[in-house]
Amino acid sequence: MSVQKTLSIIKPDATARNLTGSVNARFEQAGLRIIAQKRLCLTRAQAEKFYEVHREKAFYDSLCEYMSSGPVVAQVLCGDDAVAKNREIMGATNPANAEIGTIRRDFGQSIEHNVVHGSDSPENAEIEIQFFFSQLEIIE
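In this report, we go over the structure that sits alongside the text. Just so it is clear, the model here is predicted, and its values are computed rather than measured.

## Let's talk about the environment of N114
Okay, so step 1: Take N114: it is sitting in the loop between α6 (103-107) and β4 (116-118).
Okay, so step 2: Given a relative accessible area of 1%, N114 falls into the buried group.
Okay, so step 3: Taking C-alpha positions, N114 is 9.2 Å from A92, a pair spaced 22 residues apart along the chain.
Okay, so step 4: At a separation of 2.7 Å, a polar atom in the side chain of N114 contacts the side chain of K11.
Okay, so step 5: Separated by 3.1 Å, the side chain of N114 and the backbone oxygen of I111 make a polar contact.

## Some remarks on the pattern of salt bridges
Okay, so step 1: Using the criterion set out here, one finds six salt bridges in the structure.
Okay, so step 2: Between R17 and D13 there is a salt bridge, with the nearest N and O atoms lying 3.3 Å from each other.
Okay, so step 3: The partner of R44 in a salt bridge is E48, with the nearest N and O atoms 2.8 Å apart. Note that R44 and E48 are positioned in helix α3 (residues 44-50) at a spacing of four residues, about one turn of the helix.
Okay, so step 4: Note on R44: relative accessible area 29%, which makes it partly exposed.
Okay, so step 5: Taking relative accessible area as the criterion, E48 reaches 24% and is therefore assigned partly exposed.

## Quick look at helix α5 (residues 82-90)
Okay, so step 1: Buried residues of α5: A82, V83, N86, I89 and M90, and no others. Projected onto a plane normal to the axis of α5, the buried residues spread over an arc of 130° and lie on a single side.
Okay, so step 2: Buried positions along α5 lie against β1 (3-10), α2 (20-29), β3 (72-80), α6, β4 and α7 (122-132).
Okay, so step 3: Count one or two residues on from α5 and you reach G91, which has phi positive near 90°.

Reading the values: the criteria
Residues numbered from 1 in each chain as written. Predicted model: local features only at pLDDT ≥ 70, side-chain atom pairs only at ≥ 80, totals over all residues. Heavy atoms only, no water. Helix = DSSP H or I, 4+ residues; strand = E, 2+ residues; numbered from the N terminus. Buried < 20%, exposed > 50% of the residue type's maximum accessible area, 1.4 Å probe, protein only. Polar contact = N/O pair within 3.5 Å; in protein donor to acceptor, adjacent residues only side chain to side chain. Salt bridge = Lys/Arg side-chain N within 4 Å of Asp/Glu carboxyl O. Arc of directions from axis to C-beta. Contact = heavy atoms within 4.5 Å.

Written out as structure tokens, the structure reads:
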């Protein structure tokens, strides 16, 4: 096992329903530490830049509109195999397909309003973390 960092975003549907504490409790109970965290509102341009990898996909516009529709909580999680552990805790993208006990299954409302975003690889985690945080903001 290797200690890794990964990005987690608690999405607007979750912040609107006051689920930040419940979501973070899941991460911490699974052994991940929150080593950086900030609440912010993404502009449409920031959402477009962050999700640029999906620009050609049909859901890109609605995703960017949704992610800029209200506050999000961006955070860096750290722990053994943090990328895979975070994805396991989140569950499948579509809450209907997620395993019982995962964040998306328990709190997700739809494939788009699925509560959380998580990096899909250590390489993307590094890029995504740098999008939101400077090294001074990450406290290990």
